[in-house]
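# Commentary on secondary and tertiary structure
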Amino acid sequence: MVALIAVASMVPGLLAGLQSSGIDYDAVAYRTGVILTEDPGWPGWPVYPPWEMKDQYHKDEIERMGLAVSNETPNILLSTKIEKFFNDTFFTTDDYRSKAIFGEIPYSYNITLRSLDGRYNHKVGQETPEGYGYIRRVVKIKEPSVAVIDGSLKERYTISPGDNSTTRTFTVRLDFSRLLNASIDPAYRIDPLTEPVNITITNFSEYLNKTDETVKNATLKSVTFRRGSSSIRFPFPYDTENPDLYTLSLDGNPYDLKPEAPVESNISLVLKPPATSLFPLDQNSILDIRFTFENDPPHTNITGIHYYDYNPKNVTRPALKPAVLEVAIW
Amino acid sequence: MACMNEDGQWIVLMGLLVAVGLFFLALIINQSALVGQTTAEGVLEFPKNDIRDLRSEILDYYSRYERINNHGDLDDVKDDIVRISLERKNAVVHFWNGTPEEITIHYNNGVTVYDETVYHY
Amino acid sequence: MVNDSGQLYTMEGIAAGLVMLLTAYLILSTTSIYTPGDTHIPDMQLEQLGSDVLAMMDTPDTHGATSALETYVNTNNSTDFKTAFLGYCNAKAIGTDTLHMSANVTYRGDDDQIKEHLLVEPDETWTGRESAVRVTRWVQLDKQTSQMRPYGSRPRAVLVEVLLWRA
């Protein structure tokens, strides 16, 4: 009789076990949502390099993947982190489980990010079933800045008459002490160490030497990187093309950093953070990106230093893009 | 039947009562795993967004210090924040600045207490 | 002398005991049923979403600009505020959601009374019985020279409260 009573009293315990894992999914989804939107990840600021710059061989050093710009700017996501996170050829299902979702049970997941204007439409994970734990977060995406040098800046960047040298150099200067200014909110800061640096020269025909009618283009000999005004060049594989480090395109065609090719209308250089991290730079360094044009006689009159700073005439910082992030767990 | 022995019945009845009592206790202990706050209630109760919002509002107030001070309304705006917090958010808020950049914030909504000293440019 | 009536008593007692146990079990086990509403999960999801939307509306898109929320409150622009808010709330990766909102602004008037001003009226889906969630955001208003807003002209801090429900 007592044994029967004891057995009867254990039966609710059996039923209790079945209920709790179903309630869990929403909690896990909420936690993953917080990690993705409010956490910059680890290793993240102040540790450098951050997790999105780890390559295949250092993938195990990533402890937690978060998409926020910093822990002071919740719900503002960094575009480089987004591109890295949604790269499911780099990360496996186990990586997502151990670095974003956590927990002992191997949950199935589906994480999507869509910007309201449609430019970002990323998805990672399996197809959702009928019932699942869910959370939706509204975020804004911070995109990298662009320095656009078009024909309107011609007066600033033309040589003074009487200059007879055959090489023309045009420099874009990144002064880190001015850029990494702590009084600017991280959501609007320009940080070349974690975001790509984009330099676009358009309407290049305006900078050509117009005195000679046959001149239709100028030859870009090389793009070099220097620290400050010293002549020490950074050790860098200048003649290998590596899209993870940089992209240089002249009139739409990709080249390496020693193109020695003619350019007619535009030059676009995107220097990615893994490249910037190869240079020994600190918060007070100055990085010069030097475009050298060489023709005899010179085909272009471009010269000068363009400062990559917070002046809106020098650098365009795109507006923050609203987006919606959804996490489903089952 | 005076000679009928009723002690056995008492013992059986008592035994049954004890069994029911044990059963009740076992059930309570079993259910205690589910009783208590669920995760969602815990999230709802912790005023994460309220504190973040209040903090950014106070820092904003100090950023606009000169603008507000020009019209002598510093205390008014501060009173706004304190009074509305008390009435609508059920929270006691107190903040002040030591040196111009050092701001101290105190928040207490009855369940959560938050104190912070911030150095703001 | 062996009497059968004692056995009948015992059996009756055991049967009564079993009935008591069964009743107790039935009553106590029904209290352990958790419905999704008890766990407040939908409330939590909605509140997090609403807070996010207000926070994003209060973040200026470019450095140094005024946030959209401050502009809407300053100009008392009910329709644009509602469109912007619902645009954010109902956006999903695929399709749209069906959330509705109403908003009011709590301010301290010049006479030191805490007053409320209705910014967005609830629409026809509001019956008063929905499980709605309230999310709030502080807004700092500068000194206003024109008379467009109903809060008074001095710089003030106001609280925007939004009620959000699913219909």
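With that settled, the discussion passes to the overall build of chain A. Scanning chain A for helices and strands turns up five helices and 15 strands. When burial is assessed residue by residue, chain A has 36% of its 330 residues classed as buried. The contacts in chain A between residues at least 6 apart in sequence include a share of 77% that link residues at least 24 apart.

Along its sequence, chain C is carved into domain 1 (1–33) and domain 2 (41–166). For domain 1 of chain C versus domain 2 of chain C, the distance between C-alpha centres works out to 61 Å.

What follows covers the interface of chain B and chain C. Each partner contributes residues to the interface: chain B has 38 residues there, and chain C has 33 residues. Where the side of chain B that touches chain C is concerned, the elements lending two or more residues are helix H1 (7–31), helix H2 (39–45), helix H3 (48–63), helix H4 (65–69) and helix H5 (74–88) of chain B. Its residues placed into classes, the side of chain B that touches chain C shows 19 nonpolar, five polar and 14 charged.

Residue and element names in this part refer to chain A. Per the domain assignment, the segments of chain A are domain 1 (20–142 + 319–329) and domain 2 (146–307). In this structure, domain 1 and domain 2 have C-alpha centres spaced 35 Å apart. Classifying every residue of the side of domain 1 that touches domain 2 by side-chain character gives seven nonpolar, three polar and two charged.

Sheet strands pair via backbone hydrogen bonds, and the direction of the pair is either parallel or antiparallel. All names here are of chain A. With mixed pairing, five strands are arranged side by side in an open sheet as E5-E7-E12-E9-E10. Looking at which strands have only one partner, the edges of the open sheet turn out to be strand E5 (146–149) and strand E10 (253–255). Across this sheet, the average inter-strand angle for adjacent strands is 20°, counted without regard to direction. Relative to strand E12 (residues 267–271), strand E7 (residues 197–201) runs antiparallel, the two being bridged by five bridges.

About the criteria used
Residues numbered from 1 in each chain as written. Chains lettered and ligands numbered in written order. Predicted model: local features only at pLDDT ≥ 70, side-chain atom pairs only at ≥ 80, totals over all residues. Helix = DSSP H or I, 4+ residues; strand = E, 2+ residues; numbered from the N terminus. Buried ≥ 20, exposed ≤ 12 C-beta atoms within 10 Å, placed from the backbone. Contact = placed C-beta atoms within 7 Å. Domains from an automatic or database assignment. Nonpolar A, V, L, I, M, F, W, Y, C, P; charged D, E, K, R; others polar. Pairing = 2+ DSSP bridges. Axes fitted to C-alpha atoms, helices over the stretch in contact; angles between N-to-C directions.

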